[in-house]
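Inside the fold
Each chain, letter by letter, is given below.
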Amino acid sequence: MRRKRTILMLVAVMLLCAMAVSAVAANLAEPAALKKLAVMDMEGLPERPEVTAVGNLVTNDGGKTHTGYFELSLRVSAKAFQSAGVVLTYDSTVLHPVDWQSAGVRVDLSKRDSWDTATVAHTKGADGLSGKPALTYAEYTTVDGEAVATGKAYLYLGADALEYTPLDNELVVTVRFEVEKGEDGNLLAIDMPEAGVSRPSYTVELTKAAGVLNGSVPGVSLMTSAGPGEDSSSQEPVFYTSADDPDYTVTFVREDGPSINKGGSVVSGDYAITFFDWDGRVIDAVAAPEDAADVVTSWEQHTAIQARLGNKPGYEFDRWLVVYEDNDGEGLHTAGGTFTSNDAALAAGNPDVADLSDISGYVSPKDPDSKSVLLQACYKATADINNGNPDGVATDKNHPDARYKLVEQSYYQYGSTDGAKSGQYAVRCKVQRESVLRAEQPVVMALVYLSSGEYLTERVDLENTDNTEFEIVVPRGTASVAYQVLDISGQTNWTLSVSRSEELRPNQATILREGAFALIVDEARTGTLTTGGSSVNLACFKDSGLTGVNAGNMSAKKQALAMATAAKNTGKPQNEWVPLTRAEAQAAIGA
């Protein structure tokens, strides 16, 4: 069984890690605006970017007539701008994303219900800057077995500069919507947070952090980067997010007037290319014409992209593969099955390798109108992990020097225990690929040995990335658990596949002791320990190895642990609290 590579992880990394990349359309003329900006007096411009979302209910005839379109732009002021991106929530019963034709064609959001299946909404940018294609999807719920739209949708909107650029309230990217009409034939109202009135929700607004997480995007709503500042030796972007700086947010304003779809050069190209790394995570998205070679070449030259393509221990970038996501359970895949990491460079004639001079044939046949092309990075092993042979003669994959590393074992107790038979425990571990050959289909095989003498075989499919983690849940009556990483690619009997790690074997005493302790200090961290919802009982304390707790004083000891945890985390919001160490917990309750 092939493990699905979730495209959302794609968006997640796009939002968290790749916001500082650049893309400039091949057909842009000499970027006069960029030259103008380069000599701008930077006095008064902010050190960190200021981002404004500008809503424009488009009018013509000198403002007398509403056209029925609403344009949403990002404007940025910054002493040294590199990139900006926001995740927005909008009311999909009022606003419908459309393309930039004179009679805008709506973007089809049917079956687009997560970042996994988000579709492209084309954007326009400014001279010398690159507005990325926007990504959007609608939220659905299930009613009587049918998917029904909730009326809420999400939009990612972002832009880059090719180099650090001073901006003074510059419009950097715009997306266009058609506005729904009410029964009276008038356009429905568009409310934005700029009005200063507190409402449960607006027609369009910055997505709340919880909403981003609920939308399965592990990230934040606002990402920006500024230039290197005074330290010119450091060219890495500096990121500001609304998660670690609550005062840093997006300002909303309304400036109704003519459409920005007029004159001047804009980022053009009918196609949207999304670039994925070898593990299915998104690197970035750019707009491009049919001949995308120059666009991709310019994009690849950015230092952040070169760093991203060059950060795979034991591998170096080879080529771009054409991949598809057909919602068939297979995740990203090539037509011919080419793997994204190989012992040697791919042959130039490999049909899965992208010909960037004409990308028109790479649109998914199941969604030909989207003009969305997906490319995935393919890497080749370097000589140091191929027995020193640059032609790709692989080493023994079970050799100690070729193994994945199992690190940071930890444990947890789920729910309560009677101290005799009942109880469920998690055995957790992190998996790291260092400078060794990459497994094609990594899994964890766990042999769960029961106290009765029987054993169970469990399989956990791993995300095929350099750093991941897994969990095995076992009953209290487990004598030990033996687990290791296997590469099961091409194997019918997967249990006999080649081993790619050492075998670890925690025993019952370790699982119970550490699992019970983890539950106690975790409940103290979350505030559950002193409530009626606590799963921690006297048996849990006995298993944990913490001494000095009995039936008569357990409530007082729980309170002591809760107070010690709060004292340790003074000044932090509770969602950032860290648990007590074993020594700290024992000190809190006394011997």
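Thresholds, definitions, all that
Residues numbered from 1 in each chain as written. Predicted model: local features only at pLDDT ≥ 70, side-chain atom pairs only at ≥ 80, totals over all residues. Heavy atoms only, no water. Helix = DSSP H or I, 4+ residues; strand = E, 2+ residues; numbered from the N terminus. Buried < 20%, exposed > 50% of the residue type's maximum accessible area, 1.4 Å probe, protein only. Contact = heavy atoms within 4.5 Å. pLDDT = per-residue confidence, 0-100. Pairing = 2+ DSSP bridges. Expected span 1.5 Å × (residues − 1). Arc of directions from axis to C-beta. Phe/Tyr/Trp six-rings, centres within 6.5 Å; stacked < 30°, edge-to-face > 60°. Lys NZ or Arg CZ within 6 Å of the ring centre and 35° of its normal. Axes fitted to C-alpha atoms, helices over the stretch in contact; angles between N-to-C directions. Parallel < 35°, antiparallel > 145°, perpendicular 65-115°, else oblique. Left-handed = near helix turned anticlockwise from the far one by under 90°. Salt bridge = Lys/Arg side-chain N within 4 Å of Asp/Glu carboxyl O. Core = buried A, V, L, I, M, F, W, Y, C linked by side-chain atoms within 4.5 Å. Patch = residues over 30% accessible without salt bridge, like charges linked within 9 Å, V, L, I, M, F, W, Y side chains within 5 Å. Areas by Shrake-Rupley, 256 points an atom, 1.4 Å probe, with all protein chains shown as cover. Lys, Arg positive; Asp, Glu negative; His and termini not counted. Charge placed at Lys NZ, Arg CZ, Asp CG, Glu CD.

1. Observations regarding the overall build of the protein chain
Helix and strand counts for the protein chain stand at nine helices and 24 strands. Each of the 591 residues in the protein chain was classed as buried or not, and the buried ones make up 51%. Contacts in the protein chain between residues at least 24 apart in sequence constitute 70% of all its contacts with a sequence separation of at least 6.

2. Quick notes on the confidence of the model for the protein chain
With 80% of its residues at a pLDDT of at least 70, the protein chain reaches an overall mean of 80. This model gives residues 231–235 a pLDDT under 50, and the stretch forms three contacts once residues within four places in sequence are excluded.

3. Details of the environment of Pro 193
Mapped onto the secondary structure, Pro 193 falls in the loop between strand E8 (146–179) and strand E9 (204–206). Once the C-alpha coordinates of Pro 193 and Arg 254 are considered, the two residues, 61 residues apart in sequence, prove to be 9.9 Å apart. If sequence neighbours within four positions are ignored, Pro 193 has contacts with Tyr 202, Val 204, Glu 205 and Phe 252.

4. Some words on the sheet that holds strand E21 (residues 455–461)
The four strands are arranged E21-E20-E23-E24 in an open sheet whose pairing can be described as antiparallel. One side of each edge strand has no neighbouring strand; the edge strands of this open sheet are E21 and strand E24 (498–499). Both strand E20 (residues 442–450) and E21 contribute to a ladder of seven bridges, which runs antiparallel. Paired with Val 448 across the two strands is Leu 456, which belongs to E21.

5. Considering helix H8 (residues 554–568)
For H8, which comprises 15 residues, the first-to-last C-alpha distance of 21 Å matches the rise-based estimate of 21 Å (1.5 Å per residue) to within 8%. Where H8 is concerned, the buried positions are Met 554, Lys 557, Lys 558, Leu 561, Ala 562 and Thr 565. Considered in projection along H8, the buried side chains sweep an arc of 140° and stay on one side of the axis. Of the residues in H8, the exposed ones pointing more than 90 degrees away from the buried face are Ser 555, Ala 556, Met 563 and Ala 567. On its buried face, H8 sits against helix H6 (508–526), helix H7 (538–544) and helix H9 (582–589).

6. Digging into the packing of aromatic side chains
All chains considered together, the criterion is met by 13 aromatic pairs. Ring plane angle 40° and centroid distance 6.4 Å describe the contact between Phe 70 and Phe 177, whose orientation is recorded as tilted. Taken as a pair, Phe 70 in strand E2 (residues 65–91) and Phe 177 in strand E8 lie far apart in primary sequence, 107 residues in all. The two residues Phe 70 and Phe 177 agree in class, both being buried. Pairwise contacts between aromatic rings join Phe 275, Trp 278, Trp 299, Tyr 315, Phe 317, Trp 320 and Tyr 379 into one cluster. Sitting above the plane of the Trp 278 ring, Arg 438 keeps its charged end 4.1 Å from the centroid. Geometry around Trp 494 places Arg 459 over its ring, the cationic atom sitting 5.5 Å from the centre.

7. Remarks on the pairing of E2
Among the 27 residues of E2, 22 are classified as buried, and the element is accordingly described as predominantly covered. Where E2 meets strand E10 (residues 222–226), five bridges bridge the pair, whose relative direction is antiparallel. Counted as the bridge partner of Phe 81 is Ala 226 from E10. The pairing of E2 with E9 spans three bridges and is classified as antiparallel.

8. Considerations on the packing of H8 against H9
In a pair of packed helices, the angle between the axes and the distance between the axes together describe the arrangement. Two numbers describe how H8 lies on H9: the axes approach to 8 Å, and their chain directions differ by 130°. Between H8 and H9, the crossing angle belongs to the class labelled oblique. Crossing hand, H8 versus H9: right-handed. On H9, the residues touching Lys 557, Ala 560, Leu 561, Ala 564 and Lys 568 of H8 are Glu 584, Ala 585, Ala 588 and Ile 589.

9. Overview of the pattern of salt bridges
Enumeration according to the criterion identifies 19 salt bridges in this entry. Of the charged contacts, one joins Arg 582 and Glu 514 as a salt bridge, the two residues approaching to 3.5 Å between their closest N and O atoms. In this pair, Arg 582 is assigned in helix H9 and Glu 514 in helix H6, connecting sequence segments 68 residues apart. What makes Arg 582 partly exposed here is its relative accessible area of 22%. Under the relative-accessibility criterion, Glu 514 is labelled partly exposed at 27%. One continuous salt-bridge network, built from bridges that share partners, spans Arg 106, Glu 178 and Glu 180.

10. Some points on the nonpolar core
Ranked by size, the top nonpolar core spans 39 residues in total, and within it Phe 70, Leu 72, Leu 95 and Leu 155 carry the most contacts. When residues of this core are traced back to their parent elements, those giving at least two are strand E1 (50–60), E2, strand E7 (134–143), E8 and E9. Counting residues per element, this core draws most heavily on E8, which supplies 11 residues. Not counting the four nearest positions on each side in its chain, Leu 95 is found in contact with Phe 70, Tyr 90, Phe 177, Glu 178, Val 179, Ile 190, Thr 203 and Val 204.

11. Here we look at a negative patch on the surface
A cluster of acidic residues, Glu 290, Asp 291, Asp 294, Asp 355 and Asp 358, forms a negative patch on the protein surface. By the element assignment, Asp 355 lies in the loop between strand E16 (341–342) and strand E17 (372–381). For Asp 355, a relative accessible area of 40% translates into the label partly exposed.

12. What to know about the sheet that holds strand E18 (residues 405–414)
Strand order in the open sheet formed by three strands is E18-E19-E22, with antiparallel pairing between adjacent strands. At either end of the open sheet lies a strand with only one pairing partner, and these are E18 and strand E22 (467–475). Taken over all neighbouring pairs, the strand axes of this sheet differ in orientation by 20° on average, direction set aside. Note that strand E19 (residues 424–432) and E22 share nine bridges and pair antiparallel. Paired with Val 431 across the two strands is Thr 468, which belongs to E22. Across the sheet, H6 touches E18, E19 and E22, and the angle it forms with E18 is around 70°.

13. Comments concerning unusual backbone geometry
With a phi angle near 55°, Asp 144 is a residue other than glycine that sits in the positive phi range. Even without being glycine, Asn 169 reaches a positive phi, approximately 55°. Inspection of the secondary structure puts Asn 169 in strand E8.

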